[in-house]
Amino acid sequence: ATSLDKVGAETMREVAPLEERKGRAREDHLHQLSINSTFYREKGNRAFKKRKYDVAYEFYTKGIRHQPTSKLFCNRSIASLRRGNLHDAFVDASLAMKLQPSNVKAYVRRAAALQKLGKLKEAAEDLEKACSLGTASDGFALKMLEDVRLCLARVEGLSDEGAAAKQAPASPPRASEGAEDSMHLLEEALCALDAVGTAPSSERATEAEAASGAKRVRQNLKQLEVLLGGEEKCVDYFFSRSGVSKVFDAFAFDNLMVLRIVSQISGAGSHAETLSSETAKRAHRIMFLNETSIAHLKIVMECVLKRRVTLVGTALDILHVMMERREFREHFLEGSVADVMLPTTLAMFAKASESLSEKCGAVIMRIAHMKKFVNFAVQHYQHFTRGLVRCCMSSEGWPKAIALAILQKVQHSKAILAMLSGRDLGLGISNILQEAVSSQSQGEQMFVSAAYNTEQLEQLGDILDICTSLCIPRRSPSGQSVSKEFVTELSDKGVWAIVVMMIESHSHKLKGAAITLFVSACKCMPELSFSVAKDKDAFQTFFDIFTNSADPKRQEEVSYVANILSNVPEFHHFISTRCPLGNLLKIVQGQTSDLAVVALCRILLCVSKNDEEFRDKLCSDIDLLRILVELWYGRKATAKFYVLQLLQLLLSEEKASKLLTESASEGQVVALVEDLAKHKVMAEAYETGGASLFSPPVENDMIVMEKSRLVDQLDIEKLCVYLGTLVRPGDEENIVVELCAASGRMLGSRHLCAQIAQKMQRSSIYAVDWVKSLVDQVASQTSRENVYTVLCDYETVDQLPVSANLTLIAGVWQSLEDPPQLFQSIRSKLRVDGKVVLMERDKECLEDAKHWAKKSGFTMFAEPTVPGCSVCVFSP
């Protein structure tokens, strides 16, 4: 027994490592399958985002072969939905639910397949289950469940009536107008259309038979149009019998009648009068969108290109409804389709009759927020601007709502805003705003009274937000200040007096929008600020905001106006009526904005220089001197500079210096004197051009917000020497790309790319810009052989024909709309050892650029000191 035990133990010791190796191999194999599965799922996701649904389906299938997971089946389900394979989508979603019962997306996608298959009750059950799981995705599921229940309620009682209608023998139309007779006639017409669509070609061989068949189809379509224009129940039954496809199949027989029927059932171009009709219209629109396909969309788009006005108008109404679906919007903006459809739509928006222009505007409203639309709007900006102005100046309310909705969606696109005509848009917007105000009771307190309800005040706030986006400083390709034209036009129409009154509103949104708009306008036209110094009521409101540190954002905005008015005696007088000037700095708190501190110091500086008695009073106030010292050590940049200016003025008086010396320790006094002396030297050196950027440039006692002096201080020689160290020495194929070569204006009217080309003659310089006129401008002013001009969007640099060693982004950061997309595009056209050079005159802009570069996966390479600008270099 002992020997047998020993043999068994030895055998087990030999077998154990073998089993362990097999277990590890099995684990490694499963791990590799999991990696492969994830790899194909991610490739499928990328293909799906590019709307390559067939490719995505194949990748998901390959991933399932390696390791079937709930995510893969769920993703393949939505790919099948987009391909139109509803049964496959249902099966894949069911498998995903089986593998992971808590997968909310699987329930939602199976419900989407069931909804398209007409099984609304089963779809509602899946959506109820998805909502009961209570995850972050249940918001969409809840909205979808609400839509399905709404449609289900419309068709729930129609199945029995429909079965009776199918079983009833064919008979001629009866005179009875009852619901049952209408349903019976509707069923007959649909069956006749179905028979035409499925009939073999041999049955329509002769011309006589074809003409007779076409006549019958038109008669059935006419009967459908009459029946569907009667009771809502007929429209419900029409959708329960999948009538949309049957009607579209008859398009070749009478295109206008088909479009009229489709417009009728989708509620296109009509407005509901009661709540019940609005509910019915919404349900019909949901069922219509559920049944339509890309093929139906193509039919409607082809009709838009026709020359028959009635046909085009009806097609545009239907297109407006169809654009609610994201899939249809994306197809509408695809390459070859968009090249034809968008120019035509924009041209009609500008030049067609008022009715067609309004319909085109409604379609544009659906797609205005999409990036692909921006490129077309920039190319056809004249039509786009003219159409917007037409809508703004319309006497009807709906075109104005369309114009505001479009502007609200494009207000963050600086590319579009730079193309819009400031004067024309100012005329249109002022017309809308004045009409909205004149419809209510007049008077100074109209915005704090009950003249407007909450919804109306919020709508006014939305209009002001749009105006703010149009006030952002921008120039047209011809160099004109579009924003100043807009502000001037509003000023001529008396809009700013209304905006100032809105600042007193009890609505927080309207008040904030009015402040932001007024300050943005003052940045374009500083003289507008003087209206505050002339209006006592307006000043009271501004002062309350200016001294309220609890709302630092609004305080900083109003401080801009205060800085402009800081040397105006009337403004000083108004301030003294609310607060003794000597106590101004005592309202400063920790969260008070730097710009507010600058304004307060400049006011005291201005009054102190002109009033000796007031200066003596300040020199005797130990509390004020202590506050100044605290601000000196606690603030930075511009605020620190103006505190220094005020301290130097006061401490030049023996009384103030003695008082401060007695109240502080010897060490504190020595440190303060040394700091003051050091920064005084730096400020003086700056005035002679010998220091860096300690103090802000000052002209006529006004803050010059844009540091224009830096244009001539940029040392091109040193910059190019440094850029030469970043490229590969001796390489004949060094490629340098500058984005926004003309619109960047790093060197004012000169072009940075031309200067770099002159200093780096062995490198190829690609000057990129997004407007043809700017590219032509670079080409005409730059005659060097190693400079190449390229027209492309600076956020889609991947269109460049070469890969770069260096990519320069100089002085354009404030114009960028999509930083992640920009850096992604740059990475695709950057060599492995390439570098990205960020250059800005404003350090805050550079900090923002650095933030996005790091967030996009770039690594800080260097931050060199180049006189005249701030530079940062990143590597991929």
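Rules used in this analysis
- Residues numbered from 1 in each chain as written.
- Predicted model: local features only at pLDDT ≥ 70, side-chain atom pairs only at ≥ 80, totals over all residues.
- Heavy atoms only, no water.
- Helix = DSSP H or I, 4+ residues; strand = E, 2+ residues; numbered from the N terminus.
- Buried < 20%, exposed > 50% of the residue type's maximum accessible area, 1.4 Å probe, protein only.
- pLDDT = per-residue confidence, 0-100.
- Contact = heavy atoms within 4.5 Å.
- Salt bridge = Lys/Arg side-chain N within 4 Å of Asp/Glu carboxyl O.
- Axes fitted to C-alpha atoms, helices over the stretch in contact; angles between N-to-C directions.
- Parallel < 35°, antiparallel > 145°, perpendicular 65-115°, else oblique.
- Left-handed = near helix turned anticlockwise from the far one by under 90°.
- Nonpolar A, V, L, I, M, F, W, Y, C, P; charged D, E, K, R; others polar.
- Disulfide = S-S within 2.5 Å.
- Arc of directions from axis to C-beta.
- Pairing = 2+ DSSP bridges.

*Asks:* Talk me through unusual backbone geometry; I want residue IDs and the actual numbers.
*Replies:* Here Arg 51, not a glycine, exhibits a phi torsion of approximately 65°, which is positive. Note that Arg 51 resides in the loop between α1 (2–49) and α2 (53–66). Looking at Arg 51, the relative accessible area reads 16%, which means it is buried. Its identity is not glycine, yet Ser 242 carries a phi of approximately 50°, on the positive side.

*Asks:* Help me get a handle on the confidence of the model for the protein chain, residues and values and all.
*Replies:* Looking at the protein chain as a whole, its pLDDT mean stands at 75, while 71% of the residues score no less than 70. Across the protein chain, the element-wise mean pLDDT spans from 32 in strand β2 (residues 702–703) up to 92 in helix α4 (residues 86–99). For residues 441–446, every residue scores under 50 in pLDDT, and the model assigns this stretch 12 contacts once sequence neighbours within four places are set aside. Low confidence marks residues 685–712, where pLDDT is under 50. Its contacts with residues over four positions away, or in another chain, come to 48 contacts.

*Asks:* So what's going on with the pattern of salt bridges? Residues and values would help.
*Replies:* This structure, assessed with the given rule, holds 18 salt bridges. The salt bridge partner of Arg 51 is Glu 334, with a shortest N-O separation of 2.0 Å. Of the two residues, Arg 51 sits in the loop between α1 and α2 while Glu 334 sits in the loop between α17 (326–332) and α18 (335–351), which places them 283 residues apart along the sequence. Put simply, Asp 462 and Lys 509 hold a salt bridge, and the shortest N to O gap is 2.6 Å. Residue Asp 462 is located in helix α25 (residues 454–471), and its partner Lys 509 is located in helix α28 (residues 508–524); the two are separated by 47 residues in the primary sequence.

*Asks:* A description of the packing of helix α31 (residues 552–564) against helix α33 (residues 594–610) should follow, citing residues and the corresponding values.
*Replies:* Two numbers describe how α31 lies on α33: the axes approach to 8 Å, and their chain directions differ by 30°. What the angle tells us is that α31 and α33 run roughly parallel. At the point where α31 passes α33, the crossing takes the left-handed sense. In this structure, α31 uses Gln 555, Glu 556, Ser 559, Tyr 560, Ala 562 and Asn 563 to contact α33, whose residues at the interface are Leu 595, Ala 596, Val 598, Ala 599 and Arg 602. Here the contact of α31 with α33 is built from residues that sort into six nonpolar, three polar and two charged.

*Asks:* Can you break down the packing of helix α5 (residues 104–116) against helix α6 (residues 120–133) residue by residue, with the values?
*Replies:* Taken N-terminus to C-terminus, the directions of α5 and α6 make an angle of 165°; their axes are 8 Å apart at the nearest point. Judged on the interaxial angle alone, α6 and α5 are roughly antiparallel. The handedness of the crossing between α5 and α6 is left-handed. Here Val 104, Tyr 107, Val 108, Arg 110, Ala 111, Leu 114 and Gln 115 of α5 come into contact with α6, specifically with Leu 120, Glu 122, Ala 123, Asp 126, Leu 127, Lys 129, Ala 130 and Leu 133.

*Asks:* Before we move on, could you go through the state of the cysteines and cite the residues and values that matter?
*Replies:* Applying the stated criterion across every chain yields a total of zero disulfides. Cys 391 carries a free sulfur, and the closest cysteine sulfur to it, the one in Cys 392, is 7.0 Å from it. On the basis of relative accessible area, Cys 391 is assigned to the buried category, the value being 3%.

*Asks:* Describe helix α43 (residues 819–828), naming the residues involved and giving the relevant values.
*Replies:* Those residues of α43 that sit buried are Pro 819, Leu 822, Phe 823, Ser 825 and Ile 826. Considered in projection along α43, the buried side chains sweep an arc of 160° and stay on one side of the axis.

*Asks:* Outline the pairing of strand β7 (residues 830–840), supporting the account with residue identities and numerical values.
*Replies:* Within β7, nine of the 11 residues are buried, leaving the element largely enclosed by the surrounding structure. With six bridges joining them, strand β6 (residues 804–810) and β7 adopt parallel strand pairing. For Ala 804, the partnering residue across the bridge sits in β7 and is Leu 830. The pairing of β7 with strand β10 (residues 869–875) spans five bridges and is antiparallel. Within the sheet, the bridge partner assigned to Val 836 lies in β10 and is Phe 874.

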